[in-house]
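Survey of secondary and tertiary structure
Chain by chain, the residues:
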Amino acid sequence: QFQLTVPLAVVFAPGSVPGDLPRPLPFRDVQEMEIAVNVRTSITSRYEMVYRSTTAQEEAALNVATAREADAALHPLQDTSFGSLTVYVLPETSSLLPQGTRVYVGKHRSALLRAEGGLASLRTHLRQLTQVMSFTAGSIAAALSDRVPDGHLSPDARRHLKSSLGYEITFSLLNPDPKSHVVNWEIEDAVNRYVQPVLDKLSLVANFSVDSQILYYAVLGVTPRFDKESSSFILSAHSLPHVINPVEARLGSSAASLYPVLNFLLYVPERSHSPLYIQDKDGAPVSTNAFHSPRWGGIMIYNIEAAASPQASFPLHVDVDMVRVMEVFLAQLRLLFGLSREELPPEFLVEISGNEGLADWELDHLLWTHTMENIATVSTTLTSLAQLLDKIGNIVIKDDVASEVYRAVASAQNAMAELARGRLHSAFQASKEAVTSSERAFFDPSLLHLLYFPDDQKFAIYIPLFLPMAVPILLSLVKIVRESRQQKKEPTKMD
């Protein structure tokens, strides 16, 4: 039974305090909400709210021209601990928020809210805001998808990558026609400029390794359809799933990998199938000319402009526009990690995270879901281990295996307790330790079930060996017993 505690500070600027507050500022309030996952598992979301007025420094930080400047100025003044949120309530006449914007969500762990109406309206917007910036019932269901009935899952719930201690990212350039195209892509510079800032932010969640490769004569494995009207080749939506397997056989990146592999493929169509475009289910062209596969990665088709004159010499030298490519791959990376922006009310304005790739509250969103998923994984692993030990009565459990099990249970309980206290970072670290210990115990070589045999298998193995020797021994024993009985029956002769 999870209890997720979110520390929330509601800070009122001068002129924004509702008239129907139950008590004078400052005061504390607690709101709880129950989320049912299945019959045995439920989650209690607990919001520990502190209502107070702004300090002099916060008032000065709010006295700027734009909401973006206010978000940057307020960041050093607020609680920056993981999982905490700060909402600054502005007066209705404030010009800090654009016209028609009620809520502004910044890049850090704070938001600006325009005061309209009384306490009931404020609480409604606070509830919407906390679900955007922390977790929702949908994100919890996605994290615990193995325990949620299929009918209660959203279509995108199984898109997200499973929680892991590490991930491997592979960027691949597929050039099926090197005789026609010599493709140059500055992948190392693009990774350092666009991908690495995101991975630096995500390094708290897991370890990442990045590599790249160029594959020649690697085709999609699906023959595109020629469209006469547009004089181009078309890949329809129903044929996209058939693209993955032939391509994956050439990648070879996941063969010896300990961690999940994310594949991002840039495909340059061969000259005979160029230009090549992707159509969605409605037959409309996809603007990015790319698609992604849940928990696997994404593929982008990069068309090369045809040569201006028929006398152009081949192969053509092509420089890939890495900005356009990385925009697509980073968007797909966010989708795979469950960081897609949900549909928000029109009065919500969310700040673009910029070069960092994700905001601080989005990182908290990942930590919430991964912590819960880690604890559920530990529970499943230890339950499977217990069932295995129950089936094999004569199994030998070493002291180091037992200590790993005890450590996993203690770390999982510690993670649950830290979640209830609102300490998200320490809860996530404890859940990672619990996963590591439970995996070590479960995959310990001494617990290999092939080392232990059921009793019926032991009889089947040893009876053919001992039965031929046992028969003459038993017959001899029977003969000895019979002779001893006969000697007892015969009367003793007297001289």
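Just so we're clear, the structure is a prediction, and the values are computed from it rather than from any experiment.

Considerations on the sheet that holds strand β1 (residues 2–12)
Ordered in space as β2-β3-β1-β4-β6-β5-β17, the 7 strands form an open sheet in which the pairing is mixed. Either end of the sheet is taken by a strand with one partner, and the two such strands are β2 (27–36) and β17 (348–350). When strand polarity is set aside, the average angle formed by the axes of neighbouring strands in this sheet is 20 degrees. Helix α3 (residues 119–133) rests against β1, β2, β3 (42–53), β4 (85–90), β5 (103–105), β6 (110–114) and β17 of the sheet, and its axis sits at about 155 degrees to β6. Contacts from helix α8 (residues 360–391) reach β1, β5 and β17 within the one sheet, and its direction differs from that of β1 by about 160 degrees.

A few points about the environment of Asn38
Summarising the element assignment, Asn38 is placed in the loop between β2 and β3. Judged by relative accessible area, which is 26%, Asn38 ranks as partly exposed. Linking Asn38 and Ala141, residues 103 residues apart in sequence, is a C-alpha distance of 9.7 Å.

As for the side chain of Thr130
By secondary structure assignment, the location of Thr130 is in helix α3. By relative accessible area, which is 4% here, Thr130 ends up buried. In this structure, Thr130 is in contact with Leu8, Tyr47, Leu85 and Phe135, ignoring residues within four places of it in sequence.

A few points about the domain arrangement of the protein chain
Domain boundaries assigned for the protein chain yield domain 1 (2–144), domain 2 (166–337), domain 3 (360–450) and domain 4 (453–488). Between the C-alpha centres of domain 1 and domain 3 there is a distance of 33 Å. Opposite the 23 residues of domain 1 that make contact, domain 3 presents 19 residues. Summed over both sides, the interface between domain 1 and domain 3 buries roughly 1,900 Å², with carbon and sulfur atoms accounting for 65% of that surface. Looking at the side of domain 1 facing domain 3, the largest losses of area belong to Phe2, Phe82 and Ala143, adding up to 30% of the total buried there. Residue Arg109 is joined to Asp360 by a salt bridge in which the shortest nitrogen-to-oxygen separation is 3.9 Å. Of all elements in the fold, only β1, α3 and α4 (137–143) reach the threshold of two or more residues within the side of domain 1 that touches domain 3. Per-class residue counts for the side of domain 1 that touches domain 3 are 12 nonpolar, 9 polar and 2 charged.

Thoughts on the nonpolar core
Within the largest apolar cluster, 84 residues are counted, with the highest numbers of intra-cluster contacts made by Leu4, Ile140, Phe171, Leu262, Leu266, Met326 and Phe337. In this structure Ile140 touches Leu4, Ile35, Val37, Ile43, Phe135 and Met372, once residues within four positions along its chain are discounted. Ranked by size, the runner-up nonpolar core spans 20 residues in total, among them Leu215, Val247, Trp296 and Ile299.

Some points on the sheet that holds strand β7 (residues 166–175)
Strand order across the open sheet formed by 5 strands is β9-β7-β12-β15-β14, with mixed pairing between neighbours. Strand pairing shows two members of the sheet lacking a second neighbour, β9 (207–216) and β14 (290–293), which therefore form its edges. Taking the axes of each pair of neighbouring strands and ignoring which way they run, one obtains an average angle of 15 degrees across the sheet. As judged from the 4 bridges shared by β14 and strand β15 (residues 297–301), these two strands associate in the antiparallel manner. By the bridge assignment, Ser293 is partnered in β15 with Gly297. Contacts between helix α5 (residues 187–202) and the sheet are confined to β7 and β9, with β9 contributing the most and set at about 155 degrees to the helix. Against the sheet, helix α6 (residues 241–251) engages β7, β9, β12 (261–267), β14 and β15, with an angle of about 95 degrees to β9.

Brief notes about the UniProt feature "transmembrane region" (unreviewed entry) in the protein chain
Look at the UniProt record and you will see "transmembrane region" (unreviewed entry) annotated at residues 459–481. Span residues 459–481 is 100% helix and 0% strand, its end C-alpha atoms 28 Å apart.

Examining the pairing of β1
Burial analysis of β1 places 9 of its 11 residues in the buried class, the great majority of the element. In terms of strand pairing, β1 meets β3 through 11 bridges, oriented parallel. Note that in β3 the partner of Phe2 across the bridge is Ile43. Pairing between β1 and β4: 5 bridges, direction parallel. Looking at β4, one finds that Val10 is bridged to Val87.

Some thoughts on the packing of α8 against helix α9 (residues 399–421)
One way to put it is that α8 packs onto α9 with a least axis distance of 11 Å and a crossing angle of 150 degrees. With respect to α9, the element α8 is oriented roughly antiparallel. Crossing of α8 against α9: the hand is left-handed. Counted together, Trp368, Thr371, Ile375, Val378, Leu382 and Leu385 of α8 and Val405, Ala408, Val409, Ala412, Ala415, Met416 and Leu419 of α9 form the full contact between these two elements.

Overview of α3
Side chains three or four residues apart in an α-helix point the same way, a direct result of the helix having 3.6 residues per turn. With 15 residues, α3 ought to run about 21 Å at 1.5 Å a step, and its terminal C-alpha atoms sit 21 Å apart, in line with that. Of all the positions in α3, only Leu119, Leu122, His125, Leu126, Leu129, Thr130 and Met133 are classed as buried. The buried residues of α3 occupy one face: seen down the axis, they fall within an arc of 140 degrees.

Thoughts on the pattern of salt bridges
In total, this model carries 16 salt bridges according to the counting rule given. In this structure, the salt-bridge partner of Arg193 is Asp189, at a minimum N-O distance of 3.5 Å. Here Arg193 pairs with Asp189, and both are found in helix α5, just 4 residues apart, close to one helical turn. Sharing partners across several salt bridges, the network here consists of Arg109, Lys201, Asp360 and Asp364.

Reading the values: the criteria
Residues numbered from 1 in each chain as written. Predicted model: local features only at pLDDT ≥ 70, side-chain atom pairs only at ≥ 80, totals over all residues. Heavy atoms only, no water. Pairing = 2+ DSSP bridges. Helix = DSSP H or I, 4+ residues; strand = E, 2+ residues; numbered from the N terminus. Axes fitted to C-alpha atoms, helices over the stretch in contact; angles between N-to-C directions. Contact = heavy atoms within 4.5 Å. Buried < 20%, exposed > 50% of the residue type's maximum accessible area, 1.4 Å probe, protein only. Domains from an automatic or database assignment. Buried area = accessible area lost by both parts, 1.4 Å probe. Salt bridge = Lys/Arg side-chain N within 4 Å of Asp/Glu carboxyl O. Nonpolar A, V, L, I, M, F, W, Y, C, P; charged D, E, K, R; others polar. Core = buried A, V, L, I, M, F, W, Y, C linked by side-chain atoms within 4.5 Å. UniProt positions renumbered as here; feature names shortened; annotations may be inferred. Parallel < 35°, antiparallel > 145°, perpendicular 65-115°, else oblique. Left-handed = near helix turned anticlockwise from the far one by under 90°. Expected span 1.5 Å × (residues − 1). Arc of directions from axis to C-beta.

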